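# Close look at the chain arrangement
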Amino acid sequence: MARSSPSQALVRPSATSLRHFPAHPKPSPPSLSAVALRRAAAALLLAAAVALPCAVLYRAAVLGAARPVQMMGLDRRPWWERDQPPPPAVVVPEEDGDVDPAAADDLDSDDIKLEQVLQEASMDNNTVILTTLNAAWASSGSVIELFIDSFRRGVRTSPLLRHLVIITFDWKAYKRCMEIHTYCFALVTEDMDFSQEKRFQTAGYLDMMWKRLDFLRLVLEKGYSFVFSDADIMWFRNPFPHFYPDGDFQIACDHYVGNATDLGNIANGGFNYVRSNNQSIEFYKFWYSSRLRYPGHHDQDVFNAIKHDPYITDIGLKIKFLSTTYFGGICEPSRDLNKVCTMHANCCIGLQSKLHDLRIIMEDWGNYMSMPPSLKRFGALAWREKRDYRIINFAKFDAFSNIS
């Protein structure tokens, strides 16, 4: 047998080579167009493989711009701003001692602050003690220091300071209050300056009295009963045992006729005990609105007029007048130092006159407290005569009830 040549051996099909079966012609080699088509398809697949991740990254970048996510160390500023220094930080200046910060607060914030201070100072039965203060009465050695000192030197009155809230009419008074007391509230008085001394019956005095009255109505609406006391009233004994259990509105007197329900009593608005209920809230609204019926008169004069109004009976308000035996004043002082609870510098006009008489009152009380119990029982000490006060003919004083 003849051997095949080396070239024939190289082209012998292997077991894995394409077999050619009968009736199937041998395939021709691929054309140039098919090769080009395959290469184009490969190029398209490669381009798609590159473009798809880029599209995903681009979409993430666009969404990230709409909803920025803070990442550590990532500067999202435009490239043309990245070389610029950052803007300076906003610096809030310290509070100026002569600027009222309450002017920048909104009313909601003031309401929250009031609710907080009333809640913290209130007794278990939601009762607080309130007084008002402006800069003229807040200076060192002035009325407010005598007022607080009287609590400390009175008989079982020192614990009552825990329930006292001082309402200030100006920023200087508020700062002074925070120095000497725990509970203070700055009452916003836009377009009104109540920091100076307001002489009796002047326009500024009337504005301040009516502002005070409207604030007390707000306290009642918040559900708090209160004892309101002018700061020129010295507290020597706990007054609560001497309040009437059935009185909605109880008020001290410049002149007491001897009967707690007699409308002939001449009331003094500087000291009152008011229970928070529907009757007292409606009465304070009526009292405040009555200022328009009696222009030029302060709240005390207007009360002495409207106490006869049938509307008081219609709303069911029970008024009680407090005896000067326990709640006295320069107009009509308590004659028994063994019973006196408070002493008011009423019938005394002007800050210096009040300070003079209040210091005498405090000296008299100090002398009384230093006496042995045997002498106290006999009432051997009385109030000294005051110098700066006005004489009032109370027989004619009820003319205030007919002001027009």
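Thresholds, definitions, all that
Residues numbered from 1 in each chain as written. Predicted model: local features only at pLDDT ≥ 70, side-chain atom pairs only at ≥ 80, totals over all residues. Heavy atoms only, no water. Helix = DSSP H or I, 4+ residues; strand = E, 2+ residues; numbered from the N terminus. Buried < 20%, exposed > 50% of the residue type's maximum accessible area, 1.4 Å probe, protein only. Contact = heavy atoms within 4.5 Å. Areas by Shrake-Rupley, 256 points an atom, 1.4 Å probe, with all protein chains shown as cover. Polar contact = N/O pair within 3.5 Å; in protein donor to acceptor, adjacent residues only side chain to side chain. pLDDT = per-residue confidence, 0-100. Pairing = 2+ DSSP bridges. Axes fitted to C-alpha atoms, helices over the stretch in contact; angles between N-to-C directions.

### Regarding the overall build of the protein
A tally of regular secondary structure across the protein gives 13 helices and 10 strands. Evaluated residue by residue, the protein yields a buried proportion of 43% over its 404 residues. Taking the intrachain contacts of the protein between residues at least 6 apart in sequence as the baseline, contacts between residues at least 24 apart amount to 70%. Of the roughly 23,500 Å² of accessible surface on the protein, 57% is carried by carbon and sulfur atoms.

### A few points about the environment of Leu160
Mapped onto the elements, Leu160 comes out in the loop between helix H5 (143–153) and strand E2 (164–168). On the accessibility criterion, Leu160 (8% relative accessible area) is buried.

### Some words on the side chain of His163
In this structure, His163 sits in the loop between H5 and E2. Setting aside residues up to four positions removed in sequence, His163 forms contacts with Ala121, Ser122, Met123, Val128 and Ile129.

### Re helix H6 (residues 171–180)
Turning to H6, its buried residues number three or more, namely Trp171, Ala173, Tyr174, Arg176 and Cys177. Elements in contact with the buried residues of H6: strand E1 (127–133), helix H4 (135–138), H5, E2 and strand E3 (184–186). Measuring from the backbone nitrogen of Lys172 back to the side-chain oxygen at the start of H6 gives 3.3 Å, which picks out Asp170 as the cap.

### Section: the confidence of the model for the protein
Scored by pLDDT, the protein has a mean of 78; 66% of the residues are at 70 or more. Taken together, the stretch residues 84–104 has pLDDT below 50 and engages in 12 contacts with residues farther than four places along the chain or on a different chain. In this model, residues 390–404 is a region of pLDDT below 50 whose contacts with residues beyond four sequence positions or in other chains number 28 contacts.

### Some remarks on the sheet that holds E3
The 7 strands are arranged E3-E2-E1-E4-E7-E6-E8 in an open sheet whose pairing can be described as mixed. Edge strands, defined here as strands with exactly one partner in the open sheet, are E3 and strand E8 (319–321). Neighbour-to-neighbour, the strand axes of the sheet open up by a mean angle of 30°, direction not taken into account. Across the sheet, H5 is in contact with E1, E2 and strand E4 (225–229); its angle to E2 comes to roughly 170°.

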